[in-house]
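Chain by chain, the residues run as shown.
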Amino acid sequence: MVGECAVITVLLLFAAFALIRYKRRKWAIATLPLTVVPFVNVMAYMICKELLGIDYTFFASLVVIMTAMVVSCTWIGFLTATLLQKRKLRTAYFMGCIAFNILLAVILLLDHYAELPLV
C-alpha cells in the first residue's frame, strides 16, 4: 500500500496546486490535511525499511497511522473553524475529510493486519 499512498499524496498535491491556479487559495489549503495520513505512511515505511533496515510491523503502523490521523483531524478541525464561513460548507468539508481519513486509516491498517503471519 506504500505505492498507493504515494499516488494519493501526489494527486492531492496536484489538486491543491490546481486550486491555487484557479484562485481558490482557501480550498487549496483545506486539501492539505488530507495528505498527512498517506504521506506519513510512505515516510514511515521508507524510514523503517530503507534507512533503519527493520520491518514495518503492524504495531508500528498502528501507532504511526493513528498519530497521523489525529494530527490530520485536528488540522481539519482548525481549518473548519477558521477558514470556512458558511455553515453548510463547514459541515460538508468536516464530515467528508474526517470520513476520508478514517476510511484510509482503516484500509491501511487492514492491509498491515493481513500481512501478519498466522501462528
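Residues numbered from 1 in each chain as written. Predicted model: local features only at pLDDT ≥ 70, side-chain atom pairs only at ≥ 80, totals over all residues. Heavy atoms only, no water.

Some thoughts on the nonpolar core
Now for step 1: Ranked by internal contacts, the top residues of the largest apolar core, which has 22 residues, are Val37, Ile65, Ile76, Tyr93 and Leu108.
Now for step 2: Listing elements by their share of this core, those giving two or more residues are helix H1 (2-21), helix H3 (36-52), helix H4 (58-82) and helix H5 (87-114).
Now for step 3: Looking at this core, the element that brings in the most residues is H5, giving 7 residues.
Now for step 4: Excluding residues within four positions of it along the chain, Ile76 makes contact with Pro33, Leu34, Tyr93, Phe94, Cys97, Ile98 and Asn101. (Core = buried A, V, L, I, M, F, W, Y, C linked by side-chain atoms within 4.5 Å. Buried < 20%, exposed > 50% of the residue type's maximum accessible area, 1.4 Å probe, protein only. Helix = DSSP H or I, 4+ residues; strand = E, 2+ residues; numbered from the N terminus. Contact = heavy atoms within 4.5 Å.)

Description of the pattern of salt bridges
Now for step 1: Following the criterion strictly, the structure yields 1 salt bridge and no others.
Now for step 2: In this structure, Lys49 and Asp55 form a salt bridge, with 3.4 Å as the shortest nitrogen-oxygen distance.
Now for step 3: The class for Lys49 is partly exposed, based on a relative accessible area of 32%. (Salt bridge = Lys/Arg side-chain N within 4 Å of Asp/Glu carboxyl O.)

Remarks on a nonpolar patch on the surface
Now for step 1: On the surface, Phe39, Met43, Met46, Ile47, Leu51, Leu52 and Ile54 cluster together into a nonpolar patch covering about 680 Å² of accessible area.
Now for step 2: With respect to the helices and strands, the residue Leu52 is situated in helix H3.
Now for step 3: Note on Leu52: relative accessible area 55%, which makes it exposed. (Patch = residues over 30% accessible without salt bridge, like charges linked within 9 Å, V, L, I, M, F, W, Y side chains within 5 Å. Areas by Shrake-Rupley, 256 points an atom, 1.4 Å probe, with all protein chains shown as cover.)

What about the packing of aromatic side chains?
Now for step 1: Counting across every chain of the model gives 3 aromatic pairs.
Now for step 2: For the ring pair Trp27 and Tyr93, a centre distance of 6.0 Å and an interplane angle of 75° mean the geometry is edge-to-face. One end of the pair, Trp27, is in helix H2 (residues 25-31); the other, Tyr93, is in helix H5, and 66 residues separate them in sequence.
Now for step 3: Residue Tyr93 is classed as buried on the basis of its relative accessible area of 7%.
Now for step 4: For the pair Phe58 and Tyr113, a centre-to-centre distance of 5.6 Å together with 65° between the ring planes defines the contact as edge-to-face. Of this pair, Phe58 sits in helix H4 while Tyr113 sits in helix H5; the two residues are 55 residues apart in sequence, bridging distant segments of the chain.
Now for step 5: According to the relative accessible area criterion, Phe58 is partly exposed, its value standing at 25%. (Phe/Tyr/Trp six-rings, centres within 6.5 Å; stacked < 30°, edge-to-face > 60°.)

Let's talk about the environment of Met95
Now for step 1: Here Met95 is to be found in helix H5.
Now for step 2: We classify Met95 as exposed; its relative accessible area is 52%.

A closer look at unusual backbone geometry
Now for step 1: Despite not being glycine, Lys23 has its phi angle at roughly 60°, a positive value.
Now for step 2: Mapped onto the secondary structure, Lys23 falls in the loop between H1 and H2.
Now for step 3: By relative accessible area, Lys23 is classed as exposed at 66%.

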